Amino acid sequence: MKLLLTLLLWVSFAGTPDLASIRKMYSDVAKSESNAKEFVAKLSGVSNNDDKILVAYKAASILLDSKFEKKLSQKMDRFKEGAKLLEATIKSDPSNIEMRMIRLSVQEDVPGITGYKKNIKEDKKFITTYYAAQGAALKDYLKDFVLQSKSFSEKEKQFVK
């Protein structure tokens, strides 16, 4: 309880998080419930008017957090909320490679029963096609994702090496 209060106080004074810290957290967010909750807390102050990449990470945090809901109806409502927000964000900027990576990372890990796996091939192709045109920092981040991704075969991963 004390940790939760500390996190909530920290978030209320911290304002909008910086993208570098969010990227750093994202790779470990699915490893535990506490990581997921910390990620949700860090992004709780992000509004739909903020940087669209941060909004996409907020959507991913909602999707990840949904798996820790106790009641099935709450789990489904939270999942739908996150998926709807992520899709709307990507629709607002469909050429954003990082938002496509976020969606791919979510879709490769959600259960098939959710029906939220329809963009995996499309996002893989997008990332493969536009990877070379990205700046160095984003390329490094994307490379780390691709190399650990379940969606890319070893042969397909060659474009980042």
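Structure: above.
Residues numbered from 1 in each chain as written. Predicted model: local features only at pLDDT ≥ 70, side-chain atom pairs only at ≥ 80, totals over all residues. Heavy atoms only, no water.

Some thoughts on the overall build of the protein
Step number 1: For the protein, the count of helices and strands is eight helices and zero strands.
Step number 2: Listing the helices and strands of the protein from first to last along the sequence gives α-α-α-α-α-α-α-α.
Step number 3: The C-alpha atoms of the protein give 16 Å as radius of gyration, which agrees with the globular expectation for 161 residues (15 Å, within 12%).
Step number 4: Judged by the C-alpha coordinates and their principal axes, the protein covers about 45 × 35 × 30 Å.
Step number 5: In the protein, buried positions account for 44% of the 161 residues.
Step number 6: Sequence separation of at least 24 residues holds for 54% of the intrachain contacts in the protein that already meet a minimum separation of 6.
Step number 7: Summed over all atoms, the accessible surface of the protein reaches about 9300 Å², with 58% contributed by carbon and sulfur.
Step number 8: Considering the protein, the positive charge centre built from 29 side chains and the negative charge centre built from 21 side chains are found 3 Å apart. (Helix = DSSP H or I, 4+ residues; strand = E, 2+ residues; numbered from the N terminus. Rg over C-alpha atoms; globule rule 2.2 N^0.38 Å. Buried < 20%, exposed > 50% of the residue type's maximum accessible area, 1.4 Å probe, protein only. Contact = heavy atoms within 4.5 Å. Areas by Shrake-Rupley, 256 points an atom, 1.4 Å probe, with all protein chains shown as cover. Lys, Arg positive; Asp, Glu negative; His and termini not counted. Charge placed at Lys NZ, Arg CZ, Asp CG, Glu CD.)

With respect to the pattern of salt bridges
Step number 1: One pass over the structure, following the stated rule, counts 13 salt bridges.
Step number 2: Notably, a salt bridge pairs R78 with E81, separated by 3.3 Å at the nearest N-O pair. Pair noted here: R78 and E81 are both in helix α5 (residues 72-92), with a separation of three residues, about one helical turn. (Salt bridge = Lys/Arg side-chain N within 4 Å of Asp/Glu carboxyl O.)

A few points about the packing of aromatic side chains
Step number 1: For the coordinates displayed, the defined rule picks out seven aromatic pairs.
Step number 2: Where Y26 meets F39, the ring centres are 5.7 Å apart and the plane angle is 40°; that geometry is what we call tilted. In this pair, Y26 sits in helix α2 (residues 19-26) while F39 sits in helix α3 (residues 33-43), placing the two residues 13 residues apart along the sequence. F39 matches Y26 in its accessibility class, with the two residues each being buried.
Step number 3: When the ring of F39 is compared with that of Y57, the centres are 6.5 Å apart and the planes differ by 90°; the resulting orientation is edge-to-face. In this pair, F39 sits in helix α3 while Y57 sits in helix α4 (residues 52-66), placing the two residues 18 residues apart along the sequence. In terms of burial, F39 and Y57 fall into one category: buried.
Step number 4: Through successive ring pairs, a cluster of aromatic residues spans Y26, F39 and Y57.
Step number 5: Between the NZ or CZ atom of R23 and the centre of the ring of Y141, over which it lies, the distance is 5.3 Å. (Phe/Tyr/Trp six-rings, centres within 6.5 Å; stacked < 30°, edge-to-face > 60°. Lys NZ or Arg CZ within 6 Å of the ring centre and 35° of its normal.)

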